[in-house]
Amino acid sequence: MKKLLLLAVLALPAIADDASDLSDRLKKLAAENEDDYVKVFLYRAAYTLTETIDSRRAIRDLFEKSVRVEVKDEAALALAQMEVFQITKGHLQEMVERGGENGRLARTYLKIND
């Protein structure tokens, strides 16, 4: 699933005029998508292009509202990348305890924040 989404995101620059346009397209795709997991990746890509607050807010909302662990994990990592730690720190610590690739990333973000 991640690879398919990445390929789709990488193909979008060919149809976008600039970073702002591409970011808007990604946010529109996210808003139209029913899967919160996919939304996190789309909003994260949009934020990476323009660093607008609305993309960050959307990810924060997904983090706060989702009950799916994989959605909360990806949203927490995305917010940590954006240097938003206040609401995600506890969840990042839980991820560290679970281990795995996301746990290692969470540990790295927590070290950066200290």
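Residues numbered from 1 in each chain as written. Predicted model: local features only at pLDDT ≥ 70, side-chain atom pairs only at ≥ 80, totals over all residues. Heavy atoms only, no water.

## Section: helix α5 (residues 69-81)
Next up, step 1: Over its 13 residues, α5 runs 18 Å from end to end, which matches the ideal 18 Å to within 8%, given 1.5 Å per residue.
Next up, step 2: Here α5 lies mainly inside the structure; ten of its 13 residues are buried.
Next up, step 3: Among the residues of α5, Val71, Lys72, Asp73, Glu74, Ala75, Ala76, Leu77, Ala78, Leu79 and Ala80 are the ones counted as buried.
Next up, step 4: Glu83, located one to two residues past α5, shows a positive phi value of around 65°. (Helix = DSSP H or I, 4+ residues; strand = E, 2+ residues; numbered from the N terminus. Expected span 1.5 Å × (residues − 1). Buried < 20%, exposed > 50% of the residue type's maximum accessible area, 1.4 Å probe, protein only.)

## As for the packing of α5 against helix α7 (residues 100-113)
Next up, step 1: The geometry of α5 relative to α7 is characterised by a closest axis approach of 10 Å and an angle of 30° between their N-to-C directions. When the axes of α5 and α7 are compared, the pair comes out roughly parallel. Here α5 runs over α7; the crossing is left-handed. Touching Asp73, Glu74, Leu77, Ala80 and Gln81 of α5 are Asn102, Leu105, Ala106 and Tyr109, all from α7.
Next up, step 2: Residues of the contact of α5 with α7, tallied by class, amount to five nonpolar, two polar and two charged. (Axes fitted to C-alpha atoms, helices over the stretch in contact; angles between N-to-C directions. Parallel < 35°, antiparallel > 145°, perpendicular 65-115°, else oblique. Left-handed = near helix turned anticlockwise from the far one by under 90°. Contact = heavy atoms within 4.5 Å. Nonpolar A, V, L, I, M, F, W, Y, C, P; charged D, E, K, R; others polar.)

## Side note on the packing of aromatic side chains
Next up, step 1: Counted according to the given criterion, the structure contains one aromatic pair.
Next up, step 2: Arranged with centres 5.2 Å apart and planes meeting at 70°, the rings of Tyr37 and Phe41 form a pair that is edge-to-face. Of this pair, Tyr37 and Phe41 both sit in helix α3 (residues 36-50), four residues apart, which is roughly one turn of that helix. Phe41 matches Tyr37 in its accessibility class, with the two residues each being buried.
Next up, step 3: The cationic tip of Lys72 hangs over the ring face of Phe63; the distance from NZ or CZ to the ring centre is 4.3 Å. (Phe/Tyr/Trp six-rings, centres within 6.5 Å; stacked < 30°, edge-to-face > 60°. Lys NZ or Arg CZ within 6 Å of the ring centre and 35° of its normal.)

## Some details on the nonpolar core
Next up, step 1: Within the largest apolar cluster, 31 residues are counted, with the highest numbers of intra-cluster contacts made by Ile59, Met82 and Leu92.
Next up, step 2: Of all the elements in the fold, those that place two or more residues in this core are α2 (19-32), α3, α4 (53-65), α5, α6 (89-98) and α7.
Next up, step 3: Discounting residues that sit within four places of it in the chain, Leu92 has contacts with Ala76, Leu77, Ala80, Phe85, Ala106 and Leu110. (Core = buried A, V, L, I, M, F, W, Y, C linked by side-chain atoms within 4.5 Å.)

## Focus on α3
Next up, step 1: The first and last C-alpha atoms of α3 sit 21 Å apart over 15 residues, in line with the 21 Å expected at 1.5 Å per residue.
Next up, step 2: In terms of burial, α3 is largely enclosed, as eleven of its 15 residues are buried.
Next up, step 3: Of the positions making up α3, those classed as buried are Tyr37, Val38, Lys39, Val40, Phe41, Leu42, Tyr43, Arg44, Ala45, Ala46 and Tyr47.
Next up, step 4: Sitting at the head of α3, Asp35 places a side-chain oxygen 2.9 Å from the backbone nitrogen of Tyr37.
Next up, step 5: Of the residues one or two after α3, Glu51 is the one with positive phi, at around 55°. (Polar contact = N/O pair within 3.5 Å; in protein donor to acceptor, adjacent residues only side chain to side chain.)

## Remarks on the side chain of Lys72
Next up, step 1: Tracing the backbone shows Lys72 in helix α5.
Next up, step 2: Buried charge without a partner: Lys72 forms no salt bridge, and the closest opposite charge is Glu94, 8.1 Å away.
Next up, step 3: When residues no more than four places from it in sequence are discounted, the contact partners of Lys72 are Phe63, Glu64, Ser66 and His91. (Lys, Arg positive; Asp, Glu negative; His and termini not counted. Salt bridge = Lys/Arg side-chain N within 4 Å of Asp/Glu carboxyl O.)

## Remarks on the packing of α4 against α5
Next up, step 1: In the contact formed by α4 and α5, the axes pass within 8 Å of each other and the chain directions differ by 145°. Between α4 and α5 lies a crossing of left-handed hand. Contacts between α4 and α5 involve Arg56, Ile59, Arg60, Leu62, Phe63 and Glu64 on the former and, on the latter, Val71, Lys72, Ala75, Ala76, Ala78 and Leu79.
Next up, step 2: Here the contact of α4 with α5 is composed, by residue class, of eight nonpolar, no polar and four charged.

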